Amino acid sequence: MSADMSAELSFTVGDLASMRFAVSPMWEVGPSLRLLAGRAAHPVHRPWVEQVRPRVAAAGLDRGWLAEIVPPAGYVPDFINPAPAGPAPTLAEELAAIRATPAERVRRDLDRMRNGNGELGPRLRALYADPATGLVRLTEALDAYWDLALAPYWARIRAVLDADVLHRARRAAEHGAASVLNDLHAEVRWTEGALRLDRRPSPMSRQTAGAGLLLIPSAFTGPSLFTRVAPPDPPQFAYPARGIGTLWAARPAASSTALAGVLGRSRTLLLLELAAPASTTELAHRTGLSPSAVSQYLTALRDARLVSSHRAGRSVLYARTAAAEVLLAAVADGR
């Protein structure tokens, strides 16, 4: 994976016919790790950073494997962003693809990383020596980070990414693929059967890029366009999704009275309190309910698919699901 000097990617009719979109959990992992490692306040993601950074630090996930595989700047190994086989792979599917990376591919990416970024850290040297064992350790760290930092927020993030894909799919239907590509990013231009990329440090060709094109909207890439070129996979372009500016904006408040008639007062109170993921202890402190009552009500809400639970060290974080967000939005709109 590299931050996007100028390059040109030619297209055949077959390449255009194979162009597709995908939503990828792993394309959120690397950029979000870099965001947490930075110390400047982010204008959009500040609420997320303020909630997540202390948890990640407490779990030691801001150092070790993740700090080595995703350095503050420079090249990140391509193998941690396997080409999604479908439109919306799960994290488990992507981690399985990472673990299945051939040893020679792992070493080739790590050689590139060492040549561009400097000496490898101790864990990456161990990964180079024994890719099979190292990939298991690496994916365990990636999985732990996901559960702590991204899974509790995934319903909200996923809604933004899906909306971006739907918007661009409609644009393609109404105005054609060239319109979609010209609207993708300021550094991308479609002209005369080729896609031109500005500010790219290395050339790109079909011999080095594979067939087709995979477009991946991302919440955490920032203003940059990121690319992955690893044949025989299609080239991947991860671009900032539309609507990111509203990702952490407060939703309209739903009527607790209207919801309480269906869910009960205490369950409604907890659902409204989960505008940001929280633990049982936090919710008990904020609502005045006993921890045992909170646990009981959250279990009922989870059984109804209105909240999800995510392990965060010794505690569990609860978050509203996409179904809960739709319900709350509908009640707020109907006031």
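Look above for the structure.
Inspection of the sheet shows strand β9 (residues 278-279) paired to strand β11 (residues 315-320) by 2 bridges, in the antiparallel sense. When the sheet's bridge partners are listed, Ser-279 is paired in β11 with Leu-317. As paired strands, strand β10 (residues 307-312) and β11 are joined by 6 bridges and run antiparallel to one another. Pairing of Ala-312 across the sheet is with Ser-315, part of β11.

Counting across every chain of the model gives 15 salt bridges. For Asp-164, the salt bridge is made with Arg-168, and the minimal N-O distance between the two is 3.0 Å. Residue Asp-164 and its partner Arg-168 are located together in helix α9 (residues 154-175), separated by 4 residues, close to a single helical turn. As far as the burial class goes, Asp-164 and Arg-168 line up, both buried.

In this structure, the second largest pocket encloses a volume near 230 Å³. In terms of lining residues, the second largest pocket is bounded by 15 residues, among which Leu-33, Leu-36, Ala-37, Leu-61 and Asp-62 are the most central. Contributions of two or more residues to the lining of the second largest pocket are made by α2 (26-37), α3 (46-58) and α4 (65-69). It is α2 that contributes the most residues to the lining of the second largest pocket, 4 residues altogether. Residue composition of the lining of the second largest pocket, by class: 11 nonpolar, no polar and 4 charged.

Tallying each qualifying case throughout the model produces 4 aromatic pairs. A ring pair is formed by Trp-146 and Trp-154, whose centres lie 5.0 Å apart and whose planes are at 65 degrees; its orientation type is edge-to-face. With respect to class, Trp-146 is no different from Trp-154; both count as buried. The interplanar angle of 90 degrees and the centroid separation of 5.6 Å between the aromatic rings of Tyr-153 and Trp-248 together place this pair among those described as edge-to-face. Placement of Tyr-153 in the loop between α8 (131-150) and α9 and of Trp-248 in the loop between β8 (236-240) and α12 (256-263) is noted, with a sequence separation of 95 residues between them. Accessibility classification places Tyr-153 together with Trp-248 in one group, the buried group. The lysine or arginine in question, Arg-107, covers the ring of Tyr-128, its NZ or CZ lying 5.8 Å from the ring centre. Geometry around Tyr-128 places Arg-114 over its ring, the cationic atom sitting 5.2 Å from the centre.

Further remarks concern helix α5 (residues 91-99). Of all the positions in α5, only Leu-91, Glu-94, Leu-95 and Ile-98 are classed as buried. What you see down the axis of α5 is that its buried residues fit within an arc of 100 degrees, all on one side. Elements that come into contact with the buried residues of α5 comprise α2 and α8.

The next point concerns the environment of Ser-205. Along the polypeptide, Ser-205 turns up in the loop between β5 (194-197) and α11 (206-209). As for Ser-205 and Leu-301, which are separated by 96 residues in sequence, their C-alpha atoms are 51 Å apart.

Turning to unusual backbone geometry, a few remarks are in order. The omega torsion across Pro-231 and Pro-232 is 10 degrees, close enough to zero to call that bond cis. Along the polypeptide, Pro-232 turns up in the loop between β7 (226-228) and β8. The phi dihedral of Glu-192 falls on the positive side, at around 50 degrees, and the residue is not glycine. As for its placement among the helices and strands, Glu-192 is situated in the loop between β4 (188-191) and β5. Non-glycine residue Arg-305 carries a positive phi angle of around 65 degrees. Inspection of the secondary structure assignment puts Arg-305 in the loop between α15 (291-303) and β10. Residue classification places Arg-305 among the exposed positions, given a relative accessible area of 60%.

What counts and what doesn't
- Residues numbered from 1 in each chain as written.
- Predicted model: local features only at pLDDT ≥ 70, side-chain atom pairs only at ≥ 80, totals over all residues.
- Heavy atoms only, no water.
- Pairing = 2+ DSSP bridges.
- Helix = DSSP H or I, 4+ residues; strand = E, 2+ residues; numbered from the N terminus.
- Salt bridge = Lys/Arg side-chain N within 4 Å of Asp/Glu carboxyl O.
- Buried < 20%, exposed > 50% of the residue type's maximum accessible area, 1.4 Å probe, protein only.
- 1 Å grid on protein atoms, 1.4 Å probe; cavity = no way out; pocket = protein on both sides within 12 Å on 5 of 7 lines; lining within 4 Å.
- Points joined across faces, edges and corners; volume = space filled by probe spheres on them.
- Nonpolar A, V, L, I, M, F, W, Y, C, P; charged D, E, K, R; others polar.
- Phe/Tyr/Trp six-rings, centres within 6.5 Å; stacked < 30°, edge-to-face > 60°.
- Lys NZ or Arg CZ within 6 Å of the ring centre and 35° of its normal.
- Arc of directions from axis to C-beta.
- Contact = heavy atoms within 4.5 Å.

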